[in-house]
Amino acid sequence: MANDEPIWPDQLFQDLDRTGPVPIYFQISSRLETAIQSGDIPPGARLENEIAIGQRLGVSRPTIRRAIQEVVDKGLLVRRRGIGTQVVQGQVTRQVELTSLYEDLTSSHHAPGTIVLAHDVVPATEQIATALGLEAGADVVYLRRQRTTDGVPVAVLENYLPPEFGDITTEQLSERGLYQILRARGVAIQIAKQRIGARRAAGDESELLDIDRGGPVLTMERVAYDNSGRAIEFGHHCYRPDMYSFETTLVAK
């Protein structure tokens, strides 16, 4: 089904109970959720606007907005500026392992895409120098990329590398994951320290991730080390929470 024409499956909502105890918005959101999960409304499909849906169902716009927001909050729909409300292509669930986002997307059968936003040599701040075991002000390679999955923005990635990696090209970064590039150069990434958090989007992140201004983002900060114990990469990434999640396995001692 083409994703450019808005849809609304009228047949799923013809028998709404308007006199019973179950709120109308909840009936609509539940049926919409079921239709998405069953594939009756396919990934990438765009819904009609709230006014049109309300007119079809004889329901107020606030009721429709609340019903749709329920499904948005569950990560099945996403509101995109200039496009409207769209069924999520499929959230990426990432095991907390020593892999790159590019590898995770590929292994989960998504099509990764990359736009290189910055590729430069910059002086290391004290934080970056400490992370990479360098002197403050030393040259480091700075990379900033927008990562997409199936054409939808999912992350903004910032990485800092020691200066010997300054010959990595923009073309390589556009076509491959950073860890793939490093491994191809003989770098054995052995261990990493990682911190996961959340905050509000800052600067141009809202625009790059196609989310509301100042909306919430997941964050990950990582320092990766090679098999000699040398710091190879310091990364700070932010992710759309409706498109991305982290998963861990906990074992009792």
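Residues numbered from 1 in each chain as written. Predicted model: local features only at pLDDT ≥ 70, side-chain atom pairs only at ≥ 80, totals over all residues. Heavy atoms only, no water.

1. With respect to the side chain of Thr85
Thinking step 1. Structurally, the position occupied by Thr85 is in strand S2 (residues 84-87).
Thinking step 2. What makes Thr85 buried here is its relative accessible area of 10%.
Thinking step 3. The residues contacting Thr85, other than those within four sequence positions of it, are Ala45, Arg46, Leu47, Ile68, Leu77, Val78 and Arg79. (Helix = DSSP H or I, 4+ residues; strand = E, 2+ residues; numbered from the N terminus. Buried < 20%, exposed > 50% of the residue type's maximum accessible area, 1.4 Å probe, protein only. Contact = heavy atoms within 4.5 Å.)

2. Re empty space enclosed by the protein
Thinking step 1. What the rule picks out here adds up to two cavities of 30 Å³ or more.
Thinking step 2. Taken together, Arg144, Val156, Glu158, Arg199, Glu205, His236 and Cys238 form the lining of the second largest cavity.
Thinking step 3. When contributions to the lining of the second largest cavity are tallied by element, the ones reaching two or more residues are strand S6 (152-161) and strand S9 (231-239).
Thinking step 4. Within the lining of the second largest cavity, the residues separate by chemical class into two nonpolar, one polar and four charged. (1 Å grid on protein atoms, 1.4 Å probe; cavity = no way out; pocket = protein on both sides within 12 Å on 5 of 7 lines; lining within 4 Å. Points joined across faces, edges and corners; volume = space filled by probe spheres on them. Nonpolar A, V, L, I, M, F, W, Y, C, P; charged D, E, K, R; others polar.)

3. Concerning helix H1 (residues 24-38)
Thinking step 1. Here H1 spans 21 Å end to end across 15 residues, near enough to the 21 Å set by a 1.5 Å rise per residue.
Thinking step 2. Listing the buried residues of H1 in full gives Tyr25, Gln27, Ile28, Ser29, Leu32, Glu33, Ala35 and Ile36.
Thinking step 3. On its buried face, H1 sits against helix H2 (50-57), helix H3 (61-73), strand S1 (77-80) and S2.
Thinking step 4. Positive phi shows up at Gly39, right after H1, with a value of about 90°. (Expected span 1.5 Å × (residues − 1).)

4. Digging into the environment of Gly133
Thinking step 1. Note that Gly133 resides in the loop between helix H5 (126-132) and strand S5 (139-149).
Thinking step 2. As a C-alpha pair, Gly133 and Arg230 span 97 residues in sequence and 8.0 Å in three-dimensional space.

5. Overview of the packing of H2 against H3
Thinking step 1. Between H2 and H3, the shortest axis-to-axis distance is 9 Å and the interhelical angle comes to 110°. Relative to H3, the element H2 is oriented roughly perpendicular. Pair H2 / H3 crosses with right-handed handedness. The segment H2 lies against H3, with Glu50, Ile51, Ile53, Gly54 and Leu57 engaging Arg61, Ile64, Arg65 and Ile68.
Thinking step 2. Its residues assigned to classes, the contact of H2 with H3 shows five nonpolar, one polar and three charged. (Axes fitted to C-alpha atoms, helices over the stretch in contact; angles between N-to-C directions. Parallel < 35°, antiparallel > 145°, perpendicular 65-115°, else oblique. Left-handed = near helix turned anticlockwise from the far one by under 90°.)

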